[in-house]
Each structure stands twice: as C-alpha cells, then as structure tokens.
Amino acid sequence: MEPGRSEAAVMSEAATTLAGARKGRPSILRRWVGQALARNLSCLVVPGPEVALAHGLDLAAAGMRIAATPRDATVLLIIGELSQKLYEATAVLYAQMPRPRAILMLGGSAPSSLPQFDVSAGLSQTELTESATRLQRLLAEGAFAASPDDFDSSILQTKTEYVCPMHPEVVEDEPGSCPKCGMDLVAREAGGDSDAGEHDENRGHEHHEHHHDHKHESEEHDHHHAHHNDHGQSHERHHGHHQNHKHAHDHEQHQGDDDHEHAHCHEHEDHQGQDHGHQQGPAQEQSGTEYICPMHPEVVRSEPGSCPKCGMDLEPHKPGEDEGVKEDVSEHDHEHHHDHSGHDHDGHDHSDHDHGGSGFMSMVEVTKDLPRSADGLAMDWLEVPFGPCFPGLPGGLKLTLTLDGDGVTEGQATSLVAMNTPSEEVAVETFIERLAAAMPLAPVSYRLLACRAIEQAAGLEPDSAVERARAAALERERIASHLGWLAQLGRQLSFVWLTRRAAALQLETQLADREQLVALRPALQSLIARLEHTPLLKARLKGIGALPHGSQDLRGPVARASGRTEDARQADAMYRELGFEMRTQSAGDAWARLRQRNVEILASLDLVEAAGDPELPKLRTIDNLSGTGEATVEAPRGCAKLQLTLERGQVVSVELDGACSQHIGLVADLVEGQELGDALVAVGSLDLSPWEVIS
C-alpha cells in the first residue's frame, strides 16, 4: 500500500477499476485523462448499429457515439445474446481496442471468451442512459490501475505456417523448401479451418483502406474492419510485387541480348580485367560443371547446393555453354550498380531474345503457376475478410473477398449468427418468444409467422379484426426496416445526413400508432424526395450490383427491384381489402433497390392508415391440441415460411425458411469482377439479415 493511502481508498479503487484499465498508478493527471475519455463515450457496437436501432436504442441521446474502428473505441457495446462464433470474433475486436476500455452488456450474458463486463443492463433506452452514466464514472475513476488484468483468449492464439513466396499455393506446417522452385518457405501467421482460426489469421487487423478511381464522396469509405489493420500495407506490397515481376523480367530479357547496345558512360572493355565472381576454380575445371542460381547468376558454385540469397536450388551449367549470354549477364549485373536514369528500356524489341539457352529459370517459368489477372499478369491474389462488424455491412455477416489489386475475383458470404431450428420439444409461447428474439431485425414478422402457424395447427380460423391489427404492425416494421437499410447505406457511403435522418425516423416509427405514423408522412416524403434528387447518390448506385440474368428464388424488395412480382401479400385476402397494389422496378441494381424501398415505405404507410392501429401479434387462446400448421409472411426482406407440428400444445418439429436464406448465395455472382468499393455497395444493397439465414 502506498504511504498516506487508507485501506478503504484502495478498496474503493479496486471496486471502480475497469477490467480493461490501462497500466499506471492513479494520479491527478491520469484522472484528468479518464474524465476526458468519460465525456465522450466512443462505442464499438456488436453486432452492429442496425441492431441497436432495431431495439429502439438511441446511442446519441445517451451521450455515446459510434466508433468506426476498434482503435477508436473506448466501450465495447454488446447488444443481446450472441452466437459462439460471433463472441469469438468479438474477442478479437476487444483485443484491438486501446486501454482503457470497458464492456457494456445490454440484454445478454457474459461469454467466456471476454472478461467480465463492467456494466450490464436491459434492452431499453432508459437503462442505456443509466448505463452510460455509470460507465462515465468508471472511466473517470478507474481508467488506470497499477496492475491491470491481462486479456488472453484461446481465439487469439496464432498458428504458424510456411508458404513459398513465389507459389502461394505451397503451404507447409514446417520450414523447408518449395518443391516447385526450391526457394525457402517463409513463415506467416495462419488460422485453421474453423471460423475461430480465420479470426486468428487477422489478429491485429483493424483498418482496411482503399482508394478507388470511382468517385467516392466518402471519408468513412476507408473500409474499416476489425480485422484489416495491415491490409492496406499488404496491397502496397502486392502492387510492388508486380512491379518487381516486371523489373526482373525486363532484366532477364536484357541478359540474352548479345547485340543490345547500352547507352552508358562506360564500356565493357574497361572491366575486362575485373573479377565479377565468375572465374572457375580448380574443382570446376576438373568437373567441367558449375552450379548457378536461376535468380542470382552471380552466385556460382562448384558443387550442388542452395543459393545463399534466395534459397533456390543451384542449377548445373557447363563452362563455355552460351558464353555470350553468360558474359552479357556478368556485364549487365555489374552495370546494374551504375546510373540507369537516362536509359529507356521501353523502346527495345526483345521478341527474339532466348531466355532458355542459359539454363536459367525465367520469371515466366517462376510465375507460371500463379493466378492470372484480367491483363494477363501473374498476381498474388489476396483473400481478405470483411466483417462481422464492418460499416455498411450487416453485423454478423462475414464477407470473404479474393482481391486482384483493387478488383474482386471471387467472394463468399457466410453468417456467424445463422439460426439452427430447435430440435427439442418446447411450449408454444416459449417457441414464439425464442423465434422473435432470434430475429432482431424483424421480430414482429417472425412472431406473426409463429402465431399463424400454431393457430393453423390448432385449427383456429382467422379473425378479421386481429388480422388487421397484425397487418398494421407488420407494415410498420417494414417501414422501420427500410429506413434502417437507408441508414446503413448512409454509413457505407458516408452520407452523414442520410444516416442521421433515416435513423431518427426509424426510431420514431417503431412504436408509433396509426395517428403518429400518418403525422410522419411529410417527413418520410421529404426524405424520399431528397434521395431521388441527390445526383451523387444516383451516380454511386446506378448500375452497381445488377443481378445476373436468370437469378433464381429472388424475394422481397430485391426481387421486386428486378421486375419480379414476388410478394406473399398478393394471396392474402386481408391485404386485398386494404387496397394493396404490387409496385416494382426493372433495373435490378442498387439504385433500383433503393427506389423500390422508397416506394414500399409510402405504400406501407397507406396500408397502416387503412388497417388501423398496429398491435403486436399475440397467440390466440388454444387448447393442448395436436396437428401440423404452416404459414407464410412477407417479411421486410422477403418471404419467410414456417411449418411446425404440435403435440398436446408442444412444438415438436420445425421447418423454417428465412427471408435471406437464398439471397446470401447471390453474393458470389454480384462481386465477381467488380471493384472493391462497388462490390461492398452491391452486397450492402441486398439488405441481408444474417439471422434470417437458416443453417
């Protein structure tokens, strides 16, 4: 204990110290630092800001701001229960946050992969505001500690693998040489086959910055991701690698040119008496064979072995064989150290040069197994993960893109929160609550889906008044969901005004009654008019993410933006009474998907006005009946279907088809051949909900 400090003071400090405190004995200066951090709580939201909005949480009103990267965050804000895979990814995010850092848990339980949370509360705006106040106090008083706890998790452990610099497909678990070219394998961090391993591979990656030729009016489109801190540098190395390929190839072309006249300020004859490392020793003269490195011709040995510079196997070469080539190689190697600033290689014709006569392995041979880009160059393609907390993409979605420079050669999307249909028996009320909670972006839709399927299994006939109130609730959720899509689009494109305005209207819509929704019509119309007349927005979305011809099983706004008349509401008699009309677009690109959602916002508002006050779907009274029921609901992102079996009032089997189960498969075709920025916009425009992907 420090002199002059009471035991009570030490206990008070321990009680108010953050789990992620920064190392340092508390002092007046450090307390000031903590107070400064406390005044502006910067939050990394998991699974994402769209989930916070779906729960009606206004972070700005609680004194918090959303951080773009883990490096900018002081608070890890976890909303709801997460899957194990997403918790593992969250551990990686938390490890990247600078100390002091805090964990705020809303509506969930502490996972084993993270430290004990600092503050926990329920999913309500009131509790969020109270939690923010408690966090501010903790940061102000406990941001520093003499001996803070270390954070370690099995997910952060890395595995080392060894890869050939020239043949990236050659990967070994132990050091050695490439079986194709003989180069020494280079160690790198690698993950296993699991998602956990994939996060290991990107440990410490946080910010992935790309500069595109297409005109982003985006500052935030610097493509942050929790796993991409070093990828910008990787791209620089990537492009440098191609330049090196070209440079090396140019030198090889010159090596075989006996008649090539170099415009240098010295002559070869001036160096005839100099030793360039090519003299033959006695052993070479006796054996008649010398061994030369294919990549470093100045490396000559009298017996087999490896190049000390690159590790490649030395190749046999008999003295006197292709002497002209060898002499030129020696000369060119020496002259390489002189000034070439005035030498232009581009104007020379090397079509007749012989690169194979010397026995050297040319760069054409070395790169023959590498993948080829559109321009025919051999490229080291990079496999880059985005997500599961990437601005502009849905939380819980992991997007893996293979990049050829800034172009995408292929891509795949997977959900880290995909729902597994329950296998055990469960009471009907419990089943409804679980299904609604499992779909945070569309809880009303799936609650309604469960109620209808259970009621049909119980033999209940639809009640007109109940169905009207349910339809109003469903259309209100559709309006809120489409506004959430617009807010997400604003985050991705850095249209700050769009993000703020759409998010504010979404929060107002979620719990509004019929009268309040009607009062919001002018504000909604004003937003839509501004969207339709924003040239930069149209230019950024027009032609992006157009679905390939013949795409199958399209649903929801994605289908209707492509001219399809896919809508479960057409077969609903209640909707026909309310005056429902099908409206579609035809282009099928990101701009058409935006316009389709604009149209549907106003159409849903008309339906609510005709149906009456929205009412959260509740299960009508049923006895302990048995039977099979099925239902279909046009959720905001598409048609969702449920079939279940009841036995004595218990749900015993379930078959669920989520609205996004098919759309996640569209990603591969959408991103192939696109620029990186366009590919991300295309994926975001699908409005995927990873929770509505059924595994």
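Located above this text is the structure these notes cover.
These numbers come from a predicted model, not from an experiment. (Residues numbered from 1 in each chain as written. Predicted model: local features only at pLDDT ≥ 70, side-chain atom pairs only at ≥ 80, totals over all residues. Heavy atoms only, no water.)

Visitor: What's the story with the overall build of the protein in this structure? I'm lost.
Guide: When you go through the protein residue by residue, the secondary structure sums to 22 helices and 20 strands. Relative to its full complement of 695 residues, the protein shows a buried share of 52%. The contacts of the protein with a sequence gap of at least 6 include a subset with a gap of at least 24, amounting to 68%. Roughly 31,200 Å² of accessible area belongs to the protein as shown, and the carbon and sulfur atoms make up 47% of that amount. (Helix = DSSP H or I, 4+ residues; strand = E, 2+ residues; numbered from the N terminus. Buried < 20%, exposed > 50% of the residue type's maximum accessible area, 1.4 Å probe, protein only. Contact = heavy atoms within 4.5 Å. Areas by Shrake-Rupley, 256 points an atom, 1.4 Å probe, with all protein chains shown as cover.)

Visitor: Help me understand the sheet that holds strand E11 (residues 290-292) in this model?
Guide: Remark on secondary structure: sheet strands pair via backbone hydrogen bonds, oriented parallel or antiparallel. Taken together, three strands build an open sheet; the order of strands is E12-E11-E13 and the sheet is antiparallel. Of all strands in the sheet, those bounded by a partner on one side alone are strand E12 (300-301) and strand E13 (315-317). Relative to E13, E11 runs antiparallel, the two being bridged by three bridges. Looking at the pairing, tyrosine 291 lines up with proline 316 of E13. (Pairing = 2+ DSSP bridges.)

Visitor: Would you mind showing me how to read the sheet that holds strand E3 (residues 64-66) here?
Guide: Pairing is parallel in the open sheet, where five strands are placed in the order E3-E2-E4-E5-E6. Both outer strands of the open sheet, E3 and strand E6 (119-121), are each paired with one neighbouring strand and no more. Geometrically, the sheet is characterised by an average inter-axis angle of 30° between neighbouring strands, direction not taken into account. By the bridge criterion, four bridges tie strand E2 (residues 41-46) to strand E4 (residues 75-79) in an arrangement that is parallel. Opposite valine 45, over in E4, you have leucine 77 as the bridge partner. (Axes fitted to C-alpha atoms, helices over the stretch in contact; angles between N-to-C directions.)

Visitor: Before we go on, may I ask you to explain the packing of aromatic side chains in this structure?
Guide: Note on aromatic pairs: each is described by the distance of the centres and the angle between the planes. The full count for this structure, using the stated rule, is four aromatic pairs. Ring plane angle 90° and centroid distance 5.0 Å describe the contact between tyrosine 94 and phenylalanine 151, whose orientation is recorded as edge-to-face. With tyrosine 94 in helix H4 (residues 84-96) and phenylalanine 151 in the loop between strand E7 (144-145) and strand E8 (159-163), this pair connects stretches of sequence that are 57 residues apart. Note on accessibility: tyrosine 94 and phenylalanine 151 belong to one class, buried. Considering the side-chain rings of tyrosine 575 and phenylalanine 580, the 6.1 Å spacing of their centres and the 80° angle between planes classify their relative orientation as edge-to-face. Like tyrosine 575, the residue phenylalanine 580 is buried in the burial classification. (Phe/Tyr/Trp six-rings, centres within 6.5 Å; stacked < 30°, edge-to-face > 60°.)

Visitor: How should the pattern of salt bridges be read in this particular structure?
Guide: Side chains that differ in charge, positive against negative, can pair when their charged atoms come close. Scanning the model with the defined rule gives 22 salt bridges in all. Aspartate 678 is the salt-bridge partner of arginine 540, the closest N and O atoms lying 3.0 Å from each other. Here arginine 540, found in helix H17 (residues 535-541), pairs with aspartate 678, found in helix H22 (residues 676-685); they are 138 residues apart in sequence, far enough to count as distant. In this structure, arginine 540 and aspartate 678 share a single accessibility class: buried. The partner of arginine 555 in a salt bridge is aspartate 657, and the shortest N-O contact between them spans 2.7 Å. With arginine 555 in the loop between H17 and helix H18 (556-560) and aspartate 657 in strand E20 (residues 650-657), this residue pair connects regions lying 102 residues apart in the sequence. (Salt bridge = Lys/Arg side-chain N within 4 Å of Asp/Glu carboxyl O.)

Visitor: Honestly, the nonpolar core in this entry has me stumped. Any pointers?
Guide: As a rule of thumb, nonpolar side chains are buried together in soluble globular proteins. Counting residues in hydrophobic clusters, the biggest one holds 90 residues, and the most contacted among them are Phe431, Leu642, Leu644 and Leu656. With eight residues, helix H12 (residues 443-457) is the single largest residue contributor to this core. When sequence neighbours within four positions are dropped, the list of residues in contact with leucine 642 reads Phe431, Leu435, Leu449, Ala450, Ala453, Gly629, Glu630, Ala631, Val654, Glu655 and Leu656. Counting 59 residues, the second-largest nonpolar core is a separate cluster that includes Val408, Leu554, Val671 and Val693. (Core = buried A, V, L, I, M, F, W, Y, C linked by side-chain atoms within 4.5 Å.)

Visitor: Sorry, what's going on with the packing of helix H13 (residues 464-493) against helix H14 (residues 496-510) here?
Guide: In a pair of packed helices, the angle between the axes and the distance between the axes together describe the arrangement. Packing of H13 against H14 brings their axes to within 8 Å, and their N-to-C directions diverge by 160°. Looking at the two axes, H13 sits roughly antiparallel to H14. In this structure, the crossing between H13 and H14 has a hand that is left-handed. Touching Arg476, Ile479, Ala480, Leu483, Gly484, Leu486, Ala487, Leu489, Gly490 and Arg491 of H13 are Leu498, Thr499, Ala502, Ala503, Leu505, Gln506, Thr509 and Gln510, all from H14. (Parallel < 35°, antiparallel > 145°, perpendicular 65-115°, else oblique. Left-handed = near helix turned anticlockwise from the far one by under 90°.)

Visitor: When you look at the side chain of serine 113 in this model, what are you seeing that I'm missing?
Guide: Within the element layout of this structure, serine 113 appears in the loop between strand E5 (102-106) and E6. Judged by its relative accessible area of 9%, serine 113 is buried. Within polar-contact distance, the side chain of serine 113 engages the backbone oxygen of tyrosine 87 at 3.5 Å. Sequence-distant contacts of serine 113, that is, excluding residues within four places in its chain, are made with Tyr87, Glu88, Ala91, Phe151 and Ser153. (Polar contact = N/O pair within 3.5 Å; in protein donor to acceptor, adjacent residues only side chain to side chain.)

Visitor: When you look at a nonpolar patch on the surface in this model, what are you seeing that I'm missing?
Guide: A contiguous nonpolar patch, built from Ile28, Leu29, Trp32 and Val33 and spanning about 450 Å² of accessible area, is present on the exposed surface. Of note, isoleucine 28 is situated in helix H2 (residues 28-38). (Patch = residues over 30% accessible without salt bridge, like charges linked within 9 Å, V, L, I, M, F, W, Y side chains within 5 Å.)

Visitor: Is there a simple way to think about a negative patch on the surface in this case?
Guide: Taken together, the side chains of Glu383, Glu410, Asp669 and Glu672 make up a negatively charged region of the molecular surface. Along the chain, the position of aspartate 669 falls in helix H21 (residues 667-671). The exposure class assigned to aspartate 669 is partly exposed, which follows from its relative accessible area of 49%. (Lys, Arg positive; Asp, Glu negative; His and termini not counted. Charge placed at Lys NZ, Arg CZ, Asp CG, Glu CD.)

Visitor: Mind showing me how you'd approach the environment of leucine 37 here?
Guide: Considering the arrangement of structural elements, one finds leucine 37 in helix H2. When near neighbours in sequence (up to four residues on either side) are disregarded, leucine 37 contacts Thr74, Pro100 and Leu139.

Visitor: Got a minute to help me understand the environment of alanine 472 in this structure?
Guide: Here alanine 472 is to be found in helix H13. Sequence separation between alanine 472 and leucine 607 is 135 residues, and the spatial gap between their C-alpha atoms is 6.9 Å. The contact partners of alanine 472, leaving out residues within four places of it in the chain, are Val608, Ala611, Gly612, Asp613 and Pro614.

Visitor: What exactly am I supposed to notice about helix H11 (residues 428-438) here?
Guide: Residues separated by three or four positions in an α-helix point in the same direction, a consequence of the helix having 3.6 residues per turn. All buried positions along H11 are accounted for by Val428, Phe431, Ile432, Leu435 and Ala436. Taken around the axis of H11, the buried residues stretch over an arc of 125°, which confines them to a single face. Summarising the contacts, the buried residues of H11 are in contact with strand E17 (426-427), H12, strand E19 (638-647) and E20. (Arc of directions from axis to C-beta.)

Visitor: I tried to follow the pairing of E19 on my own but got confused; where do I start?
Guide: Consecutive residues of a regular strand have side chains that alternate between opposite faces of the sheet. Of the strand pairs in this sheet, strand E18 (residues 627-635) and E19 are connected by nine bridges, and their pairing is antiparallel. Bridge pairing in E19 places valine 633 opposite alanine 640. Here E18 hands over to E19 after two residues, the two strands then running antiparallel side by side. Relative to E20, E19 runs antiparallel, the two being bridged by seven bridges. Directly across from threonine 645, in E20, lies its bridge partner serine 653.

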